[in-house]
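Results of the structural survey
Given next are the chains, with one letter for each unit.
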Amino acid sequence: MLKLEDTYLHKGKRKALVAELKKKGIQSQRVLDAINTLPRHFFFDSALISHAYEDKAFPIGEGQTISQPYTVAFQTELLDIQQGDKVLEIGTGSGYQASILHLLGAEVYTIEYQKKLFEGTQKFLKRLGIDMNLFYGDGTGGLPQFAPYDKIIVTAGAPVVPEALTQQLKVGGVLVIPVGDRSRQAMVKITKKAGGKLEREEFDYFAFVPLLGKDGWK
């Protein structure tokens, strides 16, 4: 079992990573502080642990990855998490992004499509003492039983914006989702206005693993 140790070396590498993210344009001090607080190396397989503080995505099994820190920071900054926000995450993966949201004071609901990954992450987050609501299933349908949400984040590339997700958003709520083809997606921010009107903004291009499920890639 991986020993959960956070050494001065790890802390120094995290500080350097935060400085790099700042240089790349991440402005939210709260987001940078959360990344500086959470030991990313805890979420890595021991064989890859030396790479934990590189600004890169890495495989975590089941064809999934732990997102690049810049991507995590970019999506989180767009969400603008406030203390007590009810947040739905589609694609739990390693649990790293969900843990950053948790550190920012969100009440997190997260759903994972891959059974093996879900079971492993559920056990691991318990070990870390991070308390959130984890579910196994098709995230493209959201989690209607707990809707509406203040914020929704999708951590896999979608061919289209699933309608179920915009329906589960509160008025004034924000959905952040990468939309495009299988190799490249634009980061899209959707704000739900009064009367259910959806305001759409597009940002930089990213490369995510494909969103699987009924309203994702088959």
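Up top is the structure these notes are about.
Report follows, based on the coordinates. All of these numbers come straight from a predicted model, not from anything done at the bench.

A word on the overall build of the chain
A tally of helices and strands in the chain yields 6 helices and 9 strands. What you see for the chain is a C-alpha radius of gyration of 16 Å, in line with the 17 Å of a compact globule of 218 residues. The buried share of the chain, taken over its 218 residues, is 51%. Pairs at least 24 residues apart make up 54% of the contacts formed inside the chain by residues separated by at least 6 positions. Accessible area for the chain stands at about 10,300 Å²; split by element, carbon and sulfur atoms hold 52% of it. For the chain, the distance from the average site of its 28 positive side-chain charges to the average site of its 25 negative ones is 2 Å.

A short note on the pattern of salt bridges
This model, assessed by the stated rule, comprises 10 salt bridges. For Lys24, the salt bridge identified is with Glu20, shortest N-O distance 3.5 Å. According to the relative accessible area criterion, Glu20 is partly exposed, its value standing at 33%. The partner of Asp150 in a salt bridge is Lys170, and the shortest N-O contact between them spans 3.1 Å.

Observations regarding the nonpolar core
Core analysis: the largest hydrophobic core is formed by 43 residues, its most contacted members being Leu21, Ile26, Ile35, Phe43, Tyr96, Ile100 and Leu101. Only α1 (8-23), α2 (29-37), α3 (69-79), α4 (96-103), α5 (115-128) and β7 (169-180) provide two or more residues apiece to this core. For this core, the element with the most residues is α3, which contributes 6 residues. Look past the residues within four positions of Leu101 in its chain and what remains in contact with it is Thr76, Leu79, Ile81, Val87, Ala106, Val108 and Ile153. Tyr109, Ile177, Val188 and Leu211 belong to the second largest nonpolar core, which has 19 residues in total.

Some thoughts on the layout of surface pockets
Space inside the second largest pocket adds up to approximately 460 Å³. Together, 33 residues line the second largest pocket, and Thr65, Ser67, Thr155, Ala156 and Val209 are the ones closest to its centre. When residues of the lining of the second largest pocket are traced back to their parent elements, those giving at least two are β2 (64-66), α3, β3 (86-90), α4 and β4 (107-112). Per-element accounting of the lining of the second largest pocket gives the leading share, 3 residues, to β2. When the residues that make up the lining of the second largest pocket are grouped by side-chain class, the tally is 15 nonpolar, 16 polar and 2 charged.

As for α5
Counted at 1.5 Å a residue, the expected span for α5 with its 14 residues is 20 Å, and the 20 Å between its end C-alpha atoms agrees. All buried positions along α5 are accounted for by Leu117, Phe118, Thr121, Phe124 and Leu125. One side of α5 carries all its buried residues, which in axial view fall inside an arc of 140°. Residues of α5 that are exposed and point over 90 degrees away from its buried face: Lys116, Lys123 and Lys126. Looking at the packing, one finds that the buried side of α5 touches β1 (58-61), β2, α4, β4 and β5 (133-136). Following α5 by one or two positions, Gly129 adopts a phi angle in the positive range, close to 75°.

Notes on the side chain of His41
If you trace the backbone, His41 turns up in the loop between α2 and β1. A distance of 3.4 Å separates a polar atom in the side chain of His41 from a polar atom in the side chain of His10. Looking at His41, its side chain comes within polar contact range of the side chain of Tyr53, at 2.6 Å.

Details of the packing of aromatic side chains
All chains considered together, the criterion is met by 12 aromatic pairs. Relative to Phe146, the ring of Tyr109 has its centre 4.9 Å away and its plane inclined at 35°; by these criteria the two rings are tilted. One end of the pair, Tyr109, is in strand β4; the other, Phe146, is in the loop between β5 and β6 (149-154), with 37 residues separating them in the sequence. Residue class for Tyr109 comes out buried when judged on its relative accessible area of 8%. Residues Phe206 and Phe208 carry aromatic rings whose centres are separated by 6.3 Å and whose planes lie at 55° to one another, so their mutual orientation is tilted. With respect to class, Phe206 is no different from Phe208; both count as buried. An aromatic cluster of three or more residues is present, and its members are Tyr70, Phe74, Phe203, Phe206 and Phe208. We note Lys11 situated over the ring of Tyr8; from NZ or CZ to the ring centre the distance is 5.7 Å. Sitting above the plane of the Tyr136 ring, Lys115 keeps its charged end 5.4 Å from the centroid.

Parameters and conventions
Residues numbered from 1 in each chain as written. Predicted model: local features only at pLDDT ≥ 70, side-chain atom pairs only at ≥ 80, totals over all residues. Heavy atoms only, no water. Helix = DSSP H or I, 4+ residues; strand = E, 2+ residues; numbered from the N terminus. Rg over C-alpha atoms; globule rule 2.2 N^0.38 Å. Buried < 20%, exposed > 50% of the residue type's maximum accessible area, 1.4 Å probe, protein only. Contact = heavy atoms within 4.5 Å. Areas by Shrake-Rupley, 256 points an atom, 1.4 Å probe, with all protein chains shown as cover. Lys, Arg positive; Asp, Glu negative; His and termini not counted. Charge placed at Lys NZ, Arg CZ, Asp CG, Glu CD. Salt bridge = Lys/Arg side-chain N within 4 Å of Asp/Glu carboxyl O. Core = buried A, V, L, I, M, F, W, Y, C linked by side-chain atoms within 4.5 Å. 1 Å grid on protein atoms, 1.4 Å probe; cavity = no way out; pocket = protein on both sides within 12 Å on 5 of 7 lines; lining within 4 Å. Points joined across faces, edges and corners; volume = space filled by probe spheres on them. Nonpolar A, V, L, I, M, F, W, Y, C, P; charged D, E, K, R; others polar. Expected span 1.5 Å × (residues − 1). Arc of directions from axis to C-beta. Polar contact = N/O pair within 3.5 Å; in protein donor to acceptor, adjacent residues only side chain to side chain. Phe/Tyr/Trp six-rings, centres within 6.5 Å; stacked < 30°, edge-to-face > 60°. Lys NZ or Arg CZ within 6 Å of the ring centre and 35° of its normal.

Read these as geometric descriptors, not functional statements.
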